[in-house]
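Read off the chains here:
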Amino acid sequence: MATPDQKSPNVLLQSLCCRILGKSEADAAQQFQYAVRVIGSNFAPTVERDEFLVAEKIKKELVRQRREADAALFSELYRKLGSQGILKNKWSILYLLLSLSEDPRKQSNKVSSYATLFAQALPRDAHSTPYYYARPQTLPLNYQDRNAQSAQSSCSMGSSGISSISLYALNGPTPTPQSLIPGQSYQAPGVGDCLRQQLGSRLAWTLTSSQPSLQSTTSKGFSNAVSRGVPRSRREGDTSGSVEITEANLVRDVLYVFQGIDGKNIKMCNSENCYKVEGKVSLSKSLRDTTSRLAELGWLHNKIRKYTDQRSLDRAFGLVGQSFCAALHQELKEYYRLLSVLHSQLQLEDDQGVNLGLESSLTLRRLLVWTYDPKIRLKTLAALVDHCQGRKGGELASAVHAYTKTGDPYMRSLVQHILGLVSHPVLNFLYRWIYDGELEDTYHEFFVASDPTVKTDRLWHDKYTLRKSMIPSFITMEQSKKVLLIGKSINFLHQVCHDQTPSTKMIAVAKSAESSKDAADLFTDLENAFQEKIDAAYFETSKYLLDVLNKKYNLLEHMQAMRRYLLLGQGDFIRHLMDLLKPELARPATTLYQHNLTGILETAVRATNAQFDNPEILKRLDVRLLEVSPGDTGWDVFSLDYHVDGPIATVFTRECMSHYLRVFNFLWRAKRMEYILTDIWKGHMCNAKLLKSMPELSGVLHQCHILASEMVHFIHQMQYYITFEVLECSWDELWNKVQQAQDLDHIIAAHEVFLDTIIARCLLDSDSRVLLNQLRAVFDQIIELQNAQDAMYRAALEELQLRLQFEERKKQRELEGKWGVTASEEEEENKRMKEFQDSIPKMCSQLRILTHFYQGIVQQFLVLLTTSSDESLRFLSFRLDFNEHYKAREPRLRVSLGARGRRSSHM
Amino acid sequence: RAAGGKAGLAGSLWLAPLMLQEVLFEISRILNTGLDMETLSICVRLCEQGINPEALSSVIKELRKATEALKVML
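What you see is a predicted model; the values in this text were computed from it and never measured. (Residues numbered from 1 in each chain as written. Chains lettered and ligands numbered in written order. Predicted model: local features only at pLDDT ≥ 70, side-chain atom pairs only at ≥ 80, totals over all residues. Heavy atoms only, no water.)

(A) Fine view of the overall build of chain B. Scanning chain B for helices and strands turns up 4 helices and 0 strands. For chain B, the proportion of its 74 residues judged to be buried stands at 57%. Summed over its atoms, the accessible surface of chain B is roughly 3,100 Å², and 66% of this surface lies on carbon and sulfur atoms. (Helix = DSSP H or I, 4+ residues; strand = E, 2+ residues; numbered from the N terminus. Buried < 20%, exposed > 50% of the residue type's maximum accessible area, 1.4 Å probe, protein only. Areas by Shrake-Rupley, 256 points an atom, 1.4 Å probe, with all protein chains shown as cover.)

Put into structure tokens, the structure is as follows:
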């Protein structure tokens, strides 16, 4: 048997033919020719070269034939085969053996097994037809004759020849009915098609549509192969117009529908938006229902697919949306995997045809059961897709999160998985923002929005805002505010404070951050972990920011300096300044020059305790001249100023500074009144003694004193109120808050509250305009008094002077021996004195008018005070009128303070 | 035979072709292919040379049918 392997295939083939036919080479020539042609035309195998598969098939076949011992033996032999290395094409030989194998048991099976053998040998595409159809022409005539004869010899042949096959006795492994089959194929070409249709080629469908009757007739002959194709309807010979659909067809259609492709009989009906079996088909109701139920899967698949396809084209969809689509795609891939398994199952059956039997074939019922879980998944996904239409960014994440609130654990785990994927970009944004302060959000998906038009000086206030719609529902408002603050602080540090170094703790926090588990942690109970991260970052960043502001930029010191200079806290400096400025400011405003005043300021600084202050602070202190209106004196336009820049300007914004200046103005005026009254008092003290010799003035002077005292009392109370109740208390509150502040926002807020309170209490806000006007009127009266008094003193002193001079001259003349005084002189003197004395009543009346006016204004002021809404003002009125001096005169003031309070609250 | 199989594993190749033949013949017998030893060896060689087994099996079946037809005829 040791024939050398170098023999060419042709030679081998020839010898094979000779052996099988049992003839000599010459006689077998024709068969040899034929063999060569067949082999030449079907060169490539159409089945996959999987030897394992073939071995399995063999085993299954043996088991099915209930020859388990043989199956075990085969396994053993196969193993041995596997261990040797000579055969390279094991698959080939095994396949050959399998295809030549025959079942020794039942005869009926043999026929069908031949059918399957034929089917297996067939290539699966449409090009396989030449084999069957070509054969009758290429066969030698005698062969044909043989066929014809054999066909004739069997009387019950005909179009239903297949059904009679089983009647033939079959002897041995090579039964005669082989001849029938080619005969049948010759006589009834449709039968071969039926075979193909029954047993596996997809495209052969198109050939069967003209052979409805054969379908029903063939159903009888082939037991196993046909069982799947039995139509449920009992109409067997019915060849009327309706096409009967077998369950196998439906199964195949349904598999196509699962992918969203229209099957042969089940098509998408657009008007009703569902898959329906074509109307003309006659199907039992249960089949129809089952099919529709299965087709729902296709509809769900289409919906999801449409969404992902649309979205993948949309360029502005953003990262969150893309991850959502990717997650959906992943799920769809799993689904496709299932479909391919089902498909291969179908193919496998088609391969094996008969061998598998009913137990493992694909039916609609089986499909229903197997697709139940995927259907739930797809339903959830389709619901998600619906809910998320048109959303993107954080909104999309919120929408998905809403769906995790379900009791069904299967659905919940699915949606949570998707949510984890979807929120990953959001968390990325978040972490980058928190730890680096960077925001790269081209599609506006993150809930922190940055306004690129804002410049650095407004960075803290205006540049970063919260985009409320994009806050995912699993992040609370408070957390998002904190997040905003953290990022803002980092950017503030980088850009405004020019501080690039993150503190070591911040780096540590950043490093301990995210893994891919963070997203999952976020939604399970470890929301605490997320909260902790945010809190830690917040704490660290804010602390660092405050440190930088205080140490490098001396924020708190500047605040104190504001208090000292702009709010007149540094008493000695202010007093000295006022002393120095008095002669300057008495001039009209247009004659003032800034540099003069600045010089005076510096002198004042150097002469008082202010010189020991931080030079940084002193250099910011400056004089500012307000706008000049006609008739202004220097007092009206003078103001101090404090320059702020850099990070400090974030707290002391321009509005804040203007508030400060208004308060300064008010305080400066009040101080000036105090100053004036001090002058008046000084005048009193100095001149009282001098003017003792003019008793006619005493009445006027007395009145003057009384008025001045009243005014002094008034101003004292006002000053007390301003200094202690307004300034000191608010400042204390501010200072406490600032010391305890945890971040810059707190400081800014506290500072604004401080300023607001001061302005309200100093009657500078819009509500108290009337009160303020009254107060100004009071101040004006004081100035009037000063003027009047000055005039009076001047006159009086002049008069005194003249009288003294007169007396002196008289004395001197007497000393010289002349007449002390001449008659004309004396007369002149008397005339003058009389004039003077006549002017006294005028002065008196002037004073009286002044007093009256003043008291009227004060009364009105008091009335307004008692009806104000601010409690401290009401108490001020109480203090101002402590001895009820005004109450006696003004009936409106007679209502008690408690009632006044109640009355004002009703207003 | 089992012992021979193990010997085959040990690598004595000159024994292996014989073993191989026996194994394949045994398989063929189990599967009732009706091939005798020599035909089988021709087939094996043809397969090893790359012939499509599908085509080959159809050829063999045809030839058998022809034989049977001849027999019937005769």
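Picking up where we left off.
(B) Broad picture of the interface of chain A and chain B. In this assembly, 67 residues from chain A lie in contact with 55 residues from chain B. Roughly 5,800 Å² is buried in total at the junction of chain A and chain B, and carbon and sulfur atoms are behind 71% of that figure. Where chain A meets chain B, there are 2 salt bridges. Here Asp36 of chain B ties to Arg19 of chain A by a salt bridge, and the two come within 2.2 Å at their closest N and O atoms. Applying the counting criterion to the chain A and chain B interface returns 7 residue pairs in polar contact (both at pLDDT 80 or more). Within the residue set of the side of chain A that touches chain B, elements represented by two or more residues are α1 (9-21), α2 (29-41), α3 (51-64), α4 (68-83), α5 (90-100), α6 (107-121), α7 (129-138) and α8 (141-153) of chain A. The residue makeup of the side of chain A that touches chain B, split by class, is 39 nonpolar, 17 polar and 11 charged. (Contact = heavy atoms within 4.5 Å. Buried area = accessible area lost by both parts, 1.4 Å probe. Salt bridge = Lys/Arg side-chain N within 4 Å of Asp/Glu carboxyl O. Polar contact = N/O pair within 3.5 Å; in protein donor to acceptor, adjacent residues only side chain to side chain. Nonpolar A, V, L, I, M, F, W, Y, C, P; charged D, E, K, R; others polar.)

(C) Focus on the packing of aromatic side chains. All names here are of chain A. The final tally for this structure, using the stated rule, is 18 aromatic pairs over all chains. With centroids separated by 6.1 Å and ring planes inclined at 45 degrees, the aromatic side chains of Tyr335 and Tyr336 adopt a geometry described as tilted. You can call Tyr335 buried: its relative accessible area is 4%. Where Trp731 meets Trp735, the ring centres are 5.5 Å apart and the plane angle is 20 degrees; that geometry is what we call stacked. Of this pair, Trp731 and Trp735 both sit in helix α33 (residues 698-740), 4 residues apart, which is roughly one turn of the helix. Both residues of the pair, Trp731 and Trp735, count as buried. Put simply, the rings of Trp635, Phe638, Phe664 and Trp668 touch in pairs and so form one group of aromatic residues. Here Lys482 stacks its cationic end above the ring of Tyr538, 5.2 Å away from the centre of that ring. (Phe/Tyr/Trp six-rings, centres within 6.5 Å; stacked < 30°, edge-to-face > 60°. Lys NZ or Arg CZ within 6 Å of the ring centre and 35° of its normal.)

(D) Spotlight on the pattern of salt bridges. Residue and element names in this part refer to chain A. Within the structure shown, the criterion is met by 37 salt bridges over all chains. The closest approach of N and O atoms between Arg67 and Asp70, which form a salt bridge, is 2.8 Å. Residue classification places Asp70 among the partly exposed residues on the basis of a relative accessible area of 23%. Here Asp535 and Lys482 are joined by a salt bridge, their closest N and O atoms 2.8 Å apart. Here Lys482 lies in helix α22 (residues 477-495) and Asp535 lies in helix α25 (residues 527-553), a separation of 53 residues in the sequence. By relative accessible area, Lys482 is classed as buried at 18%. One continuous salt-bridge network, built from bridges that share partners, spans Glu616, Lys619, Arg620 and Asp645.

(E) View of the packing of helix α35 (residues 769-816) of chain A against helix α36 (residues 823-866) of chain A. All names here are of chain A. α36 packs onto α35 with a crossing angle of 165 degrees between their chain directions and a minimal axis gap of 10 Å. It follows from the interaxial angle that α35 and α36 lie roughly antiparallel. As α35 packs across α36, the resulting crossing turns out to be left-handed. In terms of residue class, the contact of α35 with α36 is built from 24 nonpolar, 4 polar and 9 charged. (Axes fitted to C-alpha atoms, helices over the stretch in contact; angles between N-to-C directions. Parallel < 35°, antiparallel > 145°, perpendicular 65-115°, else oblique. Left-handed = near helix turned anticlockwise from the far one by under 90°.)

(F) Seen up close, the nonpolar core. Residues and elements named next belong to chain A. In this structure, Phe573 and Trp668 are the most contacted members of the largest nonpolar core, which totals 193 residues. Broken down by element, the residue count for this core peaks at 17 residues, all from α33. Look past the residues within four positions of Phe573 in its chain and what remains in contact with it is Tyr565, Leu601, Ala604, Val605, Thr608, Ala610, Leu621 and Leu640. (Core = buried A, V, L, I, M, F, W, Y, C linked by side-chain atoms within 4.5 Å.)

(G) Highlighting helix α14 (residues 247-258) of chain A. Residues and elements named next belong to chain A. Counted at 1.5 Å a residue, the expected span for α14 with its 12 residues is 16 Å, and the 16 Å between its end C-alpha atoms agrees. Among the 12 residues in α14, 11 count as buried, and that is most of the element. Those residues of α14 that sit buried are Glu247, Ala248, Asn249, Leu250, Val251, Arg252, Asp253, Val254, Leu255, Val257 and Phe258. Gly260 sits one or two residues past α14 and shows a positive phi near 90 degrees. (Expected span 1.5 Å × (residues − 1).)

(H) Representation of the confidence of the model for chain B. Residues and elements named next belong to chain B. Taken as a whole, chain B shows an average pLDDT of 74; of its residues, 72% reach a score of 70 or greater. Here helix α1 (residues 2-10) stands out as the element of chain B with the lowest mean pLDDT, 44, in contrast to helix α3 (residues 37-48), whose mean of 87 is the highest. In this model, residues 1-15 is a region of pLDDT below 50 whose contacts with residues beyond four sequence positions or in other chains number 9 contacts. Overall fold confidence (pTM) sits at 0.60, and the ipTM for the predicted complex is 0.79. (pLDDT = per-residue confidence, 0-100.)

(I) Molecular detail of the side chain of Thr866 of chain A. All names here are of chain A. Following the sequence through the fold, Thr866 ends up in helix α36. Among the residues examined, Thr866 registers a relative accessible area of 3% and is labelled buried. Of note is the side chain of Thr866, whose polar atom sits 2.7 Å from the backbone oxygen of Val863.

(J) Geometry of the pairing of strand β2 (residues 274-277) of chain A. Residues and elements named next belong to chain A. Here β2 shows one buried face, formed by Tyr275 and Val277, and one open face, formed by Cys274 and Lys276. Across 4 bridges, strand β1 (residues 266-269) lies against β2 in antiparallel orientation. Residue pairing across strands places Cys269 opposite Cys274, the latter belonging to β2. (Pairing = 2+ DSSP bridges.)

(K) Representation of the environment of Glu102 of chain A in the model. On the secondary structure map, Glu102 of chain A appears in the loop between α5 and α6. Using a relative accessible area of 9% as the deciding quantity, one classes Glu102 of chain A as buried.

(L) Fine view of the environment of Gln846 of chain A. Residues and elements named next belong to chain A. Inspection of the secondary structure assignment puts Gln846 in helix α36. Taking relative accessible area as the criterion, Gln846 reaches 48% and is therefore assigned partly exposed. Separated by 146 residues in sequence, Gln846 and Val700 have C-alpha atoms that sit 9.8 Å apart.

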